[in-house]
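Structure at a glance
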Amino acid sequence: IGLGIPAEPLFRSRDKSMEGLSGNLNISLVEGRAPYLLARWIAGFRAEFPKVTVHLWNGSGDDVLERLNRGLADLALVAAPYNAELMEGITVGREPWVAILSRQHPLAQEEGDFLPLRKLVGQPLFIPSRQSRAEAVRTWFEELGEEPLIAGDLSNYIDAEALAEQNAGICIYPMTTYTENELLTKKIITESARQIEYALVWNKNAHLSDLEQEFINFVRDCLEDERQGTQTYRVPEREYLPPEDTLFL
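Presented here is a report on the structure given in the accompanying data block. (Residues numbered from 1 in each chain as written. Predicted model: local features only at pLDDT ≥ 70, side-chain atom pairs only at ≥ 80, totals over all residues. Heavy atoms only, no water.)

Digging into the pairing of strand β2 (residues 23-29)
Pairing of β2 with strand β3 (residues 52-58) involves seven bridges; the strand directions are parallel. Bridge pairing in β3 places Ser 28 opposite Trp 57. Sheet topology note: the β2/strand β4 (residues 75-79) ladder contains three bridges and is parallel. Across the sheet, Ile 27 pairs through a bridge with Leu 75, a residue of β4. (Pairing = 2+ DSSP bridges. Helix = DSSP H or I, 4+ residues; strand = E, 2+ residues; numbered from the N terminus.)

Structural data, given as structure tokens:
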């Protein structure tokens, strides 16, 4: 699923009973690709329902899910995994894991946009702070018979960029954005590659309001348009999607 740049608002066949829909929609979300996906949906949704007010809250995956569990968010956009026994959701996007490096780093000087995992062995690494993610990174390196050299952890993409800019280490993080940063280089990790999956989720036992259900329906329509290639927004040619059989991390 690409980072869409709307050419024009996305309109559907309007349900007459939903005309005049209004209210507050509280959505908690992680960083990474999530804000870019959500921004596209909000643009199209508010084009249909301009009386709706959207409230966003960003945080780590654990914090976002906690807010959903406590009823502080109506919906959440998270990186998998999530507890499918307690939550219902739909997969909305995926992207590769990359190494974020200072342009001054020797590995950044190598040609190409890809970097084998073995070249990160012995390099000081900053990794996501989510416990399940940290364990997955260690398991990833075990495929090489190696232990990653963990210099620290983080829960924020801005922190990843800042650490890499100062050449404090290499950050292992989802691709997140294709916006160029003249101080950084991103290389897609290969051999073996990993990808991350995003999902829009809600409490399985919660009673969804008309507004929440209509937004979920809207997102489903967007995803179907993407599958059929009928979306009104442009997907940048430079975007890289991992092969579908790439393992998840």
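Right, picking up where we left off after that structure.
Here we look at the packing of aromatic side chains
Within this structure, the stated rule accounts for five aromatic pairs. Relative to Phe 49, the ring of Phe 45 has its centre 5.0 Å away and its plane inclined at 55°; by these criteria the two rings are tilted. Centre to centre, the rings of Phe 45 and Phe 215 are 5.1 Å apart; their planes meet at 85°, and the pair counts as edge-to-face. Of this pair, Phe 45 sits in helix α1 (residues 34-48) while Phe 215 sits in helix α5 (residues 210-228), and the two are 170 residues apart along the sequence. For Phe 215, a relative accessible area of 0% corresponds to the buried category. Taken together, Phe 45, Phe 49, Phe 215 and Phe 218 form an aromatic cluster joined through their ring pairs. Against the face of Trp 57 rests Arg 67, its NZ or CZ located 4.4 Å from the ring centre. (Phe/Tyr/Trp six-rings, centres within 6.5 Å; stacked < 30°, edge-to-face > 60°. Buried < 20%, exposed > 50% of the residue type's maximum accessible area, 1.4 Å probe, protein only. Lys NZ or Arg CZ within 6 Å of the ring centre and 35° of its normal.)

Regarding the environment of Ala 168
Among the structural elements, Ala 168 can be located in the loop between α4 (157-165) and β9 (170-174). Residues Ala 168 and Leu 101, spaced 67 residues apart in sequence, show a C-alpha to C-alpha distance of 9.2 Å. Contacts of Ala 168, omitting those with residues within four sequence positions, involve Phe 126 and Leu 163. (Contact = heavy atoms within 4.5 Å.)

So, unusual backbone geometry
A cis geometry characterises the amide bond from Ala 80 onward to Pro 81, with omega recorded as 10°. Following Glu 191, the chain continues to Ser 192 via a peptide bond in cis, the omega torsion being 0°. Relative to the helices and strands, Ser 192 is located in the loop between β10 (184-190) and β11 (194-203). One non-glycine residue with positive phi stands out, namely Asn 167, at about 60°. Secondary-structure assignment places Asn 167 in the loop between α4 and β9. A relative accessible area of 37% means that Asn 167 is categorised as partly exposed. Even without being a glycine, Glu 191 presents a positive backbone phi close to 50°.

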